[in-house]
Amino acid sequence: MPKPLSEKTIQIVKATVPALEAHGLAITRRMYERMFQNPEIRDLFNQSHHGETGSQPRALAAAVLAYAQNIDNLGVLGPAVERIAQKHVGLNILPEHYPHVATSLLGAIQDVLGEAATPEILAAWGEAYWFLAELLIGREAEIYRDQATAPGGWSGWRDFRVAEKREESGIVTSFVLEPVDGGAVVRHRPGQYLTFWLDLPGHHPLKRNYSISSAPDDQRYRISVKREPMGAVSNWLHDVVQVGTVLKVGVPAGEFFLEPRQQERPVVLLSGGVGLTPMLSMLESIAAERPELKVHYVHGTRDGGTHAMGARTRELAAGNPHIHVTNFYETPRSHDAAGRDYDVAGCISPEWLLANTPVREADVFLCGPRPFLRLFVNGLIQAGVPADRIHYEFFGPADELLAA
């Protein structure tokens, strides 16, 4: 554990909360501008989170503000620290990278606040930064060690070959990955993701996270990727990558997962669009490890042309009376058949979940786009579902504090 923060630092940091509320986003944007002047540091990050939407600077601004507001009660930030540590491990962030962030953050505070950023304030934020950095470095060291020493584990980047490429829908393609070295792979926790280091022609090295869509085994992983209209990486994967292509892959990471063997309550798996990928990993894992566990898999998509892996989920349900699958099509096509391709026309709603699933007694796992999560996290909490039984994964940095 790092040395406790001084009382003086705690008071100074708390006094900066109004400035962070007013200027936090400007500070984090400037921090990344400073940091990315170093190509080696720039290439560590997923640049898709730093484009027009600025989702990563917004996420960091919210995190810095939360840190300042809770600087005297840091226990409430435990889940956020774990999420950040898992993301850092996926990106292979190491202790030697932290000084670059410190220099950029303190420089950005000075750039944005000007004379208001007194030496006393900068010293306090320097102490506060390194306190949090040491917490993260310690937790990340534990994760790196556990991953490297686990059966099939590794450190850094490992070469994987695409063993299978399969079209799952008009917009989703699956890639089955096997290690080039022929060794075993660490068994992921259902819901975790892989991070990829990608060298695309005409681009700086790119990082992307993709949820694993298969049940754990010690031989291979499967990811299922949606083609994004303006997505450089997703289009490259769909159009260029073929069986035999070699990709650099980080060890599985992420704090969003289900442990079927430890699960006692019923499970509701709720997804929108390509958010089904971690849910399918969970569903396959439950079917293999805990077939007696009651599970409701509820998925929403536009129509049959965008519906991925529907046959696989129906296959799992057909072989197990405890697995219930319900697919919603927002706007079914004329040849999409109710009862065959989908179950309900329209969109999933919190009211439907409350009436048709044991959501009040279950653990609920959600994955999907921002409006989807906002609707269901808010809706379920307002309906009385305890927040600690609502677990969600988000595409990109969580740049909003959902109702929880």
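Please read all numbers here as calculations on a predicted model, not as lab measurements. (Residues numbered from 1 in each chain as written. Predicted model: local features only at pLDDT ≥ 70, side-chain atom pairs only at ≥ 80, totals over all residues. Heavy atoms only, no water.)

**Q** Before we move on, could you go through the UniProt feature "binding site: FAD" (unreviewed entry) in the chain and cite the residues and values that matter?
**A** Within the UniProt annotation, "binding site: FAD" (unreviewed entry) is assigned to Y193, R208, N209, Y210, S211, F394, F395, G396 and P397. Along the chain, N209 falls in strand β4 (residues 206–211). For N209, a relative accessible area of 26% corresponds to the partly exposed category. Discounting residues that sit within four places of it in the chain, N209 has contacts with N46, K87, Y193, L194 and T195. A polar contact is formed between the side chain of N209 and the side chain of T195, at a distance of 2.8 Å. (UniProt positions renumbered as here; feature names shortened; annotations may be inferred. Helix = DSSP H or I, 4+ residues; strand = E, 2+ residues; numbered from the N terminus. Buried < 20%, exposed > 50% of the residue type's maximum accessible area, 1.4 Å probe, protein only. Contact = heavy atoms within 4.5 Å. Polar contact = N/O pair within 3.5 Å; in protein donor to acceptor, adjacent residues only side chain to side chain.)

**Q** For the domain arrangement of the chain, give the residues involved together with the corresponding values.
**A** Splitting the chain by domain gives domain 1 (7–149), domain 2 (157–253) and domain 3 (267–400). If you average the C-alpha positions of domain 2 and of domain 3, the two centres end up 23 Å apart. At the interface, 20 residues of domain 2 touch 15 residues of domain 3. Across the domain 2 to domain 3 interface the summed buried area is about 1300 Å²; carbon plus sulfur atoms make up 59%. For the interface between domain 2 and domain 3, the tally reads one salt bridge. Measuring nitrogen to oxygen at the nearest pair gives 3.3 Å for the salt bridge that ties E284 to R222. (Domains from an automatic or database assignment. Buried area = accessible area lost by both parts, 1.4 Å probe. Salt bridge = Lys/Arg side-chain N within 4 Å of Asp/Glu carboxyl O.)

**Q** Pulling in residues and values, what's your account of the side chain of E168?
**A** Following the sequence through the fold, E168 ends up in the loop between β1 (158–167) and β2 (172–179). E168 gets classed as buried once you look at its relative accessible area, which sits at 19%. Side-chain polar atoms of E168 contact the side chain of R166, separated by 3.3 Å. Not counting the four nearest positions on each side in its chain, E168 is found in contact with T173, S174, H307, A308 and M309.

**Q** Please give an account of the packing of helix α1 (residues 7–15) against helix α7 (residues 119–149) that cites residues and values.
**A** Running from N to C, α1 and α7 point in directions that differ by 110°, and their axes come no closer than 9 Å. In terms of orientation, α1 lies roughly perpendicular with respect to α7. Residues K8, T9, I12 and V13 of α1 lie in contact with α7, whose contacting residues are E120, I121, A124, W125, E127 and A128. Residue composition of the contact of α1 with α7, grouped by class: six nonpolar, one polar and three charged. (Axes fitted to C-alpha atoms, helices over the stretch in contact; angles between N-to-C directions. Parallel < 35°, antiparallel > 145°, perpendicular 65-115°, else oblique. Nonpolar A, V, L, I, M, F, W, Y, C, P; charged D, E, K, R; others polar.)

**Q** I'd love a proper account of the packing of aromatic side chains, names of residues and values included.
**A** Here the structure, examined in full by the defined rule, presents 13 aromatic pairs. Taking the centre distance of 5.5 Å and the plane angle of 40° together, the rings of Y32 and F36 count as tilted. Across the pair, F36 and Y32 agree in class, each one buried. Centroid distance Y129 to W130: 5.1 Å. Interplanar angle 80°. Geometry classified as edge-to-face. You can call Y129 buried: its relative accessible area is 11%. Through pairs of rings, three or more aromatic residues link up here, namely Y32, F36 and F45. (Phe/Tyr/Trp six-rings, centres within 6.5 Å; stacked < 30°, edge-to-face > 60°.)

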